[in-house]
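Structure assessment
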Amino acid sequence: MSSLDDLTAAAPDLRAQLDVFLGHHTDELIGFRRDLHRNPELGWTEHRTTAKIVEALEAAGLSPRVLPKGTGVICDIGPEGGPTVALRADIDALPLPDEKDVEYASAVPGVSHACGHDVHTTVVLGAGLFLAAQAAEGLLPGRVRLLFQPAEENPGGALDILAAGGLVGVDRVFALHCEPKFEVGQLGVRTGPITAACDKVYVKVTGPGGHTARPHLTADLVYALAKIVTELPAALSRRVDPRSSLSLVWGRMNAGSVANAIPDQGLAEGTVRCLDDEAWHRAPELMKALLQSVAGAYEVEASLEYVRGVPPTVNDHASVQMFRDAGETVLGAGNVVAAPQSLGGDDFGYMLENIPGAYGRLGVRTPGTSEYDLHRGDFDVDESSIPVGVRILAATALTALCEVPSGTAETEIQL
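Time to look at the overall build of the chain. A count of helices and strands for the chain gives nine helices and 16 strands. Radius of gyration (C-alpha) of the chain: 24 Å, near the 22 Å computed for a compact globule of 415 residues. A principal-axis box enclosing the C-alpha atoms of the chain has dimensions of 85 × 45 × 45 Å. With 415 residues in all, the chain has 54% of them scored as buried.

Okay, structure coming up:
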């Protein structure tokens, strides 16, 4: 019997059990989210958030462990020896002031949960508490591992989870991210790349300098830098498959200090974003070669500092189908929708480089209201999305456990 058959057969009981659980715990979960929202913490400083997660898990009789750096939590639910799936939440906030006029607005100047990580944390906690109750009654067909990850916005906290063995023995991993484009009650899914790799590049150009009256006697560094800034993105777009969505966009340029002097150095800084893993791995060497070609034409020296960010988040087909099956079971078929690709990054991609899994979009917009966006000081969610997220993740974990064959293989973690 397939996972969908198993879940369909058990669907009425599962929906009823979730109704009962959420009837008792929704207010508590909303209060937990508001507490996190009022007390946001930046990456690798989430000590209070970590303590609150540990407190809630221990109160349910679970045995969470804190990551070695002191922030972030791993917690197992259910018996050893069978299939294992993981649910991941990121717990950090953003360095943005909270601009909302609500009683749970951030009490920390310049810091806010403007990306919904407080919701992600609450949803994974709620799903974990429900699944812990299922395990206590012998109804959990395997093990669920909760991963409360620090420092997604920095990024890099996913690597802390990997280093701590968070994916060892795990067969699949799932995550939800708030999506204000979708209404509450909707789940967005997509097979393949859903978020992009995001790297930073720093180009330094040097030359002998000189007078603007005699550009022919020196290297016209500003002109050369302008050519690099315009020609490099264009050249890149012709050297890779356009379906990879590899893009180079500059955010800062600086050269010179007066109008009549050709400077001896200039700088350009930007980001590289890419949806294709192969193109992402090729990008540094390709960009370096193109940079030297353009710089050489104008007789300036150019150096490239290429700083890796995060890999693309690439959803596994089978895992997306599990998300879809679970979503249709608890939300209805019409509420599972196609999620667009985003050139934003998420370090969940590191986890999906190691094991299969899927990253879904949780609708958080009140039906009938206008669309808004993440990473804004006025960002907020319709809190009725919290029990929806709990339903989705609990059902997804159960679906995946029914699908994964008994007896998990060791996971080779790539750091």
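Next comes the rest of the write-up.
Once that is clear, we can look at the pattern of salt bridges. For the structure on display, the rule yields 22 salt bridges. When the shortest N-O distance is used, the salt bridge between R33 and D380 registers 2.9 Å. Taken together, the residues R33 in helix α1 (residues 3-38) and D380 in the loop between β16 (357-365) and α9 (385-403) connect sequence positions 347 residues apart. Neither R33 nor D380 differs from the other in exposure class; each is buried. In this structure, D316 and R172 form a salt bridge, with 2.7 Å as the shortest nitrogen-oxygen distance. Pair noted here: D316 is in the loop between β14 (313-315) and α7 (317-331) and R172 is in strand β5 (residues 172-183), with a separation of 144 residues, a long-range link.

This part takes up unusual backbone geometry. P155 follows N154 through a cis peptide bond whose omega is -15°. Along the chain, the position of P155 falls in the loop between β4 (143-149) and α4 (157-163). Phi at S245 takes a positive value of approximately 55°, unusual for a residue other than glycine. Tracing the backbone shows S245 in the loop between α5 (221-239) and β10 (247-255). If you check the backbone angles, E299 has positive phi at about 55° while not being a glycine. Since its relative accessible area comes to 66%, E299 is described here as exposed.

Let us look at the packing of α7 against α9. Closest axis-to-axis distance for the α7/α9 pair is 8 Å, and the angle between their directions is 130°. Classified by the angle their axes make, α7 and α9 are oblique. For the crossing formed where α7 meets α9, the hand is right-handed. Residue-level inspection shows M322, F323, D325, A326, V330 and L331 of α7 in contact with α9, the latter providing V388, R391, I392, L393, A395, T396, T399, A400 and E403. Of the residues belonging to the contact of α7 with α9, the class tally is ten nonpolar, two polar and three charged.

Okay, the sheet that holds strand β8 (residues 197-206) next. Overall, antiparallel pairing links the four strands, which are arranged β10-β12-β8-β13 in an open sheet. Two strands close off the open sheet at either side, each with one partner strand: β10 and β13 (301-310). Pairs of neighbouring strands in the sheet enclose a mean axial angle of 15°, with direction left out of account. When β8 meets strand β12 (residues 265-274), the two strands line up antiparallel, connected through ten bridges.

What follows concerns the nonpolar core. Judged by nonpolar contacts, the single largest core of 65 residues is most densely connected at L57, L87, V144, L146, F148, F323 and I392. Considering each element in turn, this core owes the most residues, eleven residues, to α9. Within the second largest apolar cluster, 32 residues are counted, among which are V205, V272, C274 and A283.

Let us look at the environment of L398. With respect to the helices, strands and loops of the structure, L398 is situated in helix α9. On the basis of relative accessible area, L398 is assigned to the buried category, the value being 9%. Expressed as a C-alpha distance, the spacing of L398 and I262, which sit 136 residues apart in the sequence, is 66 Å. What L398 contacts, discounting residues up to four positions off in sequence, is L14, L131, L140 and P141.

Bringing the packing of helix α3 (residues 117-136) against α9 into the picture now. In helix packing, the relevant descriptors are the interaxial angle and the interaxial distance, both defined with respect to the helix axes. Direction vectors running N to C along α3 and α9 enclose 50°, while the axes themselves pass 8 Å from each other. The orientation of α3 with respect to α9, classified from their angle, is oblique. In the crossing of α3 with α9, the sense of the turn from one axis to the other is right-handed. Residues V119, T122, V123, V124, G126, A127, F130 and L131 of α3 form the contact with α9, whose participating residues are I386, G389, V390, L393, A394, A397 and L398.

The topology assignment puts D19 in helix α1. As a C-alpha pair, D19 and C75 span 56 residues in sequence and 24 Å in three-dimensional space.

The next subject is the packing of aromatic side chains. Ring pairs (aromatic) are described by centroid distance and by the angle formed between their planes. In total, this model carries five aromatic pairs according to the counting rule given. When the ring of F174 is compared with that of F323, the centres are 5.3 Å apart and the planes differ by 75°; the resulting orientation is edge-to-face. Pair noted here: F174 is in strand β5 and F323 is in helix α7, with a separation of 149 residues, a long-range link. In this structure F174 comes out as buried when scored by relative accessible area, which is 0%. One Lys or Arg, R308, reaches over the ring of W280 and ends 4.1 Å from the middle of that ring.

Here the focus is the pairing of β12. Only one face of β12 is covered, namely the one carrying G266, A268, G270, V272 and C274; the face carrying Q265, L267, E269, T271 and R273 has none of its residues buried. The pairing of β10 with β12 spans eight bridges and is antiparallel. Looking across to β12, one finds that V249 is bridged to T271.

Let us now look at α7. For α7, with 15 residues, the first-to-last C-alpha span of 20 Å sits near the 21 Å given by 1.5 Å per residue. Of all the residues in α7, the buried ones are S319, V320, M322, F323, D325, A326, G327, T329, V330 and L331. Looking one or two residues past α7, G332 carries a phi angle of roughly 100°, positive in sign.

Conventions used here
- Residues numbered from 1 in each chain as written.
- Predicted model: local features only at pLDDT ≥ 70, side-chain atom pairs only at ≥ 80, totals over all residues.
- Heavy atoms only, no water.
- Helix = DSSP H or I, 4+ residues; strand = E, 2+ residues; numbered from the N terminus.
- Rg over C-alpha atoms; globule rule 2.2 N^0.38 Å.
- Buried < 20%, exposed > 50% of the residue type's maximum accessible area, 1.4 Å probe, protein only.
- Salt bridge = Lys/Arg side-chain N within 4 Å of Asp/Glu carboxyl O.
- Axes fitted to C-alpha atoms, helices over the stretch in contact; angles between N-to-C directions.
- Parallel < 35°, antiparallel > 145°, perpendicular 65-115°, else oblique.
- Left-handed = near helix turned anticlockwise from the far one by under 90°.
- Contact = heavy atoms within 4.5 Å.
- Nonpolar A, V, L, I, M, F, W, Y, C, P; charged D, E, K, R; others polar.
- Pairing = 2+ DSSP bridges.
- Core = buried A, V, L, I, M, F, W, Y, C linked by side-chain atoms within 4.5 Å.
- Phe/Tyr/Trp six-rings, centres within 6.5 Å; stacked < 30°, edge-to-face > 60°.
- Lys NZ or Arg CZ within 6 Å of the ring centre and 35° of its normal.
- Expected span 1.5 Å × (residues − 1).

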